[in-house]
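Structural description and commentary
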Number of protein chains: 2
Amino acid sequence: MVTGLLSVVGIGPGAEDLLTPRARAVLQAADVVIGYGVYTEMVRAWLPGARCIDSAIGEEAERARASLELAQQGKRVALVSSGDAGVYGMAGLALELAATMDPAPAVEVVPGVTAAQAAAAILGAPLALDYATISLSDALVPWEQIERRLAGAVAAGFVLAIYNPTSGRRGHRFAQALAVLRTHLPDDTPCALVRDASRPGEHSAIVSLGHLIDAAIDMRTIVIVGNSTTRVVNGRLVTPRGYAMALMSHTGDAEATDITGQPIVREAGA
Amino acid sequence: MVTGLLSVVGIGPGAEDLLTPRARAVLQAADVVIGYGVYTEMVRAWLPGARCIDSAIGEEAERARASLELAQQGKRVALVSSGDAGVYGMAGLALELAATMDPAPAVEVVPGVTAAQAAAAILGAPLALDYATISLSDALVPWEQIERRLAGAVAAGFVLAIYNPTSGRRGHRFAQALAVLRTHLPDDTPCALVRDASRPGEHSAIVSLGHLIDAAIDMRTIVIVGNSTTRVVNGRLVTPRGYAMALMSHTGDAEATDITGQPIVREAGA
């Protein structure tokens, strides 16, 4: 009996050593690897056996359908997403489309390290307490809903990890998002950006909310917005948990850099 | 010159093949591996060389300080956290304490696959759109703040990933959290729980919000609370992105299981 399987695989943020062994094993066992060309390019070198199919960005539904049809034909198919396959990735779409097919191909999801986590590790520990993940892409979600979520999350005290902060076609959206954030948070709120986390050309900077508008930000950038407790400690961005704060009162306060008025507190490239 | 380094390492949710190669390399190169005993136990078998120091839960500050002092003495120290080291992990505390020391030991953070991502992959793709991560532990955060965040996140339409939902000492807190959620969300909101994601004895179930109170939930369980668009598709929990919904209107609706009135929609053990 032919048993195909579609594995939706999170390949992590980019560095080969942040791809999990499970993801690598699935990719290497696959008959076909499908994905947006930038991502298949990242894994192609490690996959001497598998056939790679590149697909253009924006063709998510076609790519998911093609993957499922190959699985229906008995192939082992790996559909790759960067980061985690379930976070703004292809897993949901594949599961939904699979349910419309008869017979429905088997679908599994292989998790991965997300871009937000990779960015946070580079910066320090800004996501150490409650945080919300939000995408500014309004291609699929009404902008009003995005603004409502931005406002709701910061009003409730969550740190934000912002995906897809801007693109050529919606360059004004990031400015609009900042305007929403600045009605709820002071301009000296510590923020940060990481571009190409764990990839060649990686770049990070810690900036205040008031200066975030001047930072170079594109689709490949993750933006972190701190909450009222987030602070810069020795050039790292940290959102303390309670015990750290309790402890500091005994040991003397850690050196907290005052970032007000400084456009960029720390900037690093790799 | 002696150069010590403290690496705060996320070892992933538990399965060996979800530990990244970077994390494994750091653990294997370490002179000393320190962590809560349950976590050091997970990695000890792969570490023939390193000395392992187990530390009790609740002794986070002592553990971080001991790790930093060893790094200050020139050792390569790996301080392990389950999941991602920066998500309710030890990274922030280590960075804050390091800043109080002279000379401050070098600290790096190695990201990992979080429990929420591992749980989501098992369930389907519930975190595919904007989501918020929240811990119900009030040991370090005032309960009123946790309630405010729960209410704010669901009112703004975020899916929730709930960490530390309950423990012996605060068994009433999960019921209180559910009461907050049920004032904002209908009882048929699709939810799920995963206990010991990717570990031996893994167990998952999809239940409605109204029935979540009857589910077996403890500290090792991740609870996912859907938003108004989250649904059950062929036994998997999915929060659709816009294009999937747009597409469904062309291809005929996917089979959506009606979960209202059913205490447990799907339950699985591994």
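The paragraphs below set out a description of the structure included in this document. (Residues numbered from 1 in each chain as written. Chains lettered and ligands numbered in written order. Predicted model: local features only at pLDDT ≥ 70, side-chain atom pairs only at ≥ 80, totals over all residues. Heavy atoms only, no water.)

**Some words on the nonpolar core**
The test is simple: Side-chain atoms within 4.5 Å are what join buried Ala, Val, Leu, Ile, Met, Phe, Trp, Tyr and Cys residues into a set we call a nonpolar core. Residue exposure (1.4 Å probe, protein chains only): buried if accessible area is under 20% of the type maximum, exposed if over 50%, otherwise partly exposed. It only takes one pair of heavy atoms within 4.5 Å for two residues to be counted as in contact.
Of all hydrophobic cores here, the largest spans 101 residues; its most connected members are L160(A), L212(A), L150(B), L160(B) and L212(B). Filtering out sequence-adjacent residues up to four positions away, L160(A) remains in contact with A132(A), I134(A), L150(A), A153(A), V154(A), L181(A), V223(A), I224(A) and V225(A).

**Looking at the sheet that holds strand 13 (residues 236-238) of chain B**
All names here are of chain B. The criterion, for reference: At least two bridges found by DSSP between two strands is the condition for calling them paired. Numbered from the N terminus, helices here are DSSP runs of H or I no shorter than four residues, and strands are runs of E no shorter than two.
Read from one edge of the open sheet, three strands run 6-13-12, paired in mixed fashion. Two strands close off the open sheet at either side, each with one partner strand: strand 6 (124-125) and strand 12 (231-233). Bridge analysis of strand 12 against strand 13 gives three bridges, and the strand direction is antiparallel. Bridge pairing links V233 to R236 in strand 13.

**As for the pattern of salt bridges**
Quick reminder of the rule: A pair is scored as a salt bridge if a Lys or Arg side-chain nitrogen falls within 4 Å of a carboxyl oxygen belonging to Asp or Glu.
Under the counting rule described, the total for this entry stands at 24 salt bridges over all chains. Here D187(B) makes a salt bridge to R182(B), at a shortest N to O gap of 2.7 Å. According to the relative accessible area criterion, D187(B) is partly exposed, its value standing at 37%. Here R182(B) falls in the partly exposed class, since its relative accessible area comes to 36%. A salt bridge links R195(B) to D196(B), with the shortest nitrogen-to-oxygen separation between them at 3.3 Å. Residue class for D196(B) comes out buried when judged on its relative accessible area of 3%. In this structure, a network of salt bridges that share partners links the residues R195(A), D196(A), R199(A), D218(A) and R220(A).

**Thoughts on the pairing of strand 7 (residues 131-135) of chain A**
All names here are of chain A. Definition in use: The handedness of a crossover follows from its direction of travel: if, with the strands pointing away from the viewer, the path from the first strand over the helix to the second runs clockwise, the crossover is right-handed.
Most of strand 7 sits inside the fold, with five of its five residues counted as buried. Burial along strand 7 is two-sided: the residues Y131, T133 and S135 and A132 and I134 are all buried. Relative to strand 8 (residues 159-163), strand 7 runs parallel, the two sharing five bridges. Looking at the pairing, A132 lines up with L160 of strand 8. Between the parallel elements strand 7 and strand 8, the chain passes through helix 6 (residues 143-155) in a crossover that is right-handed.

**Things to note about the packing of aromatic side chains**
How we decide: Geometry of aromatic contacts follows a simple scheme: Phe, Tyr and Trp rings, the Trp one being its six-membered ring, pair when their centres are within 6.5 Å, and the pair is stacked under 30 degrees between planes, edge-to-face over 60, tilted otherwise. For a ring to carry a charge above it, either NZ of a lysine or CZ of an arginine must fall within 6 Å of the ring centroid while also lying within 35 degrees of the normal to the ring plane.
Summed over the entire model, instances satisfying the criterion amount to four aromatic pairs over all chains. A ring pair is formed by Y36(A) and Y39(A), whose centres lie 5.2 Å apart and whose planes are at 85 degrees; its orientation type is edge-to-face. For the pair Y88(B) and Y163(B), a centre-to-centre distance of 5.0 Å together with 50 degrees between the ring planes defines the contact as tilted. In this pair, Y88(B) sits in the loop between strand 4 (76-81) and helix 4 (91-98) while Y163(B) sits in strand 8 (residues 159-163), placing the two residues 75 residues apart along the sequence. A single burial state applies to Y88(B) and to Y163(B), both of which are buried. A cation over an aromatic ring shows up here: R24(B) above the ring of W46(B), its NZ or CZ 5.1 Å from the ring centre.

**Side note on the packing of helix 6 of chain A against helix 7 (residues 171-184) of chain A**
All names here are of chain A. We count it as follows: Axes here mean lines fitted to C-alpha atoms, for a helix over just the part in contact, with angles spanning 0 to 180 degrees between N-to-C directions. Handedness of a crossing is defined here by the sense of rotation of the near helix relative to the far one, left-handed for an anticlockwise turn of less than a right angle and right-handed for a clockwise turn. In the scheme used here, Gly and all other residues not listed as nonpolar or charged are polar, with Ala, Val, Leu, Ile, Met, Phe, Trp, Tyr, Cys and Pro taken as nonpolar and Asp, Glu, Lys and Arg as charged.
At their nearest, the axes of helix 6 and helix 7 sit 9 Å apart, and the two run at 35 degrees to each other. When you trace helix 6 past helix 7, the crossing you get is right-handed. In this structure, helix 6 uses W143, E147, L150, A151, V154 and A155 to contact helix 7, whose residues at the interface are R173, Q176, A177, V180, L181 and H184. Per-class residue counts for the contact of helix 6 with helix 7 are eight nonpolar, two polar and two charged.

**As for the interface of chain B and chain A**
Our working rule: By buried area we mean the combined loss of accessible area, with a 1.4 Å probe, across both parts when two parts are placed together. Whenever a nitrogen or oxygen atom comes within 3.5 Å of another N or O atom, the pair is scored as a polar contact, on the condition that within protein one atom can donate a hydrogen and the other can accept it, and that pairs from neighbouring residues in sequence are kept only if both atoms are in side chains.
Contact with chain B, which involves 74 residues of that partner, is made by 73 residues of chain A. A combined buried area of about 6300 Å² lies between chain B and chain A, and 60% of that area is made up of carbon and sulfur atoms. Counting across the chain B and chain A interface gives six salt bridges. The shortest N-O distance in the salt bridge between R149(A) and D130(B) comes to 2.8 Å. If you look at where chain B meets chain A, you find 30 residue pairs in polar contact (both at pLDDT 80 or more).

**With respect to the relation of the copies chain B and chain A**
Both copies of the chain are related by one operation, a rotation about an axis with a shift along it. The line we're drawing: Superposing the copies works by least squares over the C-alpha atoms of residues that have pLDDT at least 70 in both of them.
It takes a turn of 180 degrees to lay chain B on chain A, together with a shift of 0.0 Å along the axis; the resulting RMSD is 0.0 Å. The transformation just described matches what one would write down for a two-fold rotation axis. Within chain B, A132(B) has its C-alpha nearest the rotation axis, a separation of 2.0 Å. When the interface residues of chain B are mapped onto chain A, 99% of them are again interface residues, pointing to one common binding face.

**Re the environment of G14(B)**
All names here are of chain B. Mapped onto the fold, G14 is located in the loop between strand 1 (5-10) and helix 1 (21-29). Separated by 68 residues in sequence, G14 and S82 place their C-alpha atoms 7.3 Å apart. Setting aside anything within four residues of it in sequence, one finds G14 in contact with M42, S198 and R199.

**Some remarks on helix 6 of chain A**
Short version of the rule: Multiplying one less than the number of residues by 1.5 Å gives the expected span of a helix.
Along its 13 residues, helix 6 of chain A runs 18 Å from first to last C-alpha, staying within 8% of the 18 Å computed at 1.5 Å per residue. For helix 6 of chain A, the set of buried residues is W143(A), I146(A), R149(A), L150(A), A151(A), G152(A), A153(A) and V154(A). Those residues of helix 6 of chain A that are buried lie in contact with strand 7, strand 8 and helix 7 of chain A together with helix 6 (143-155) of chain B. Positive phi shows up at G157(A), right after helix 6 of chain A, with a value of about 90 degrees.

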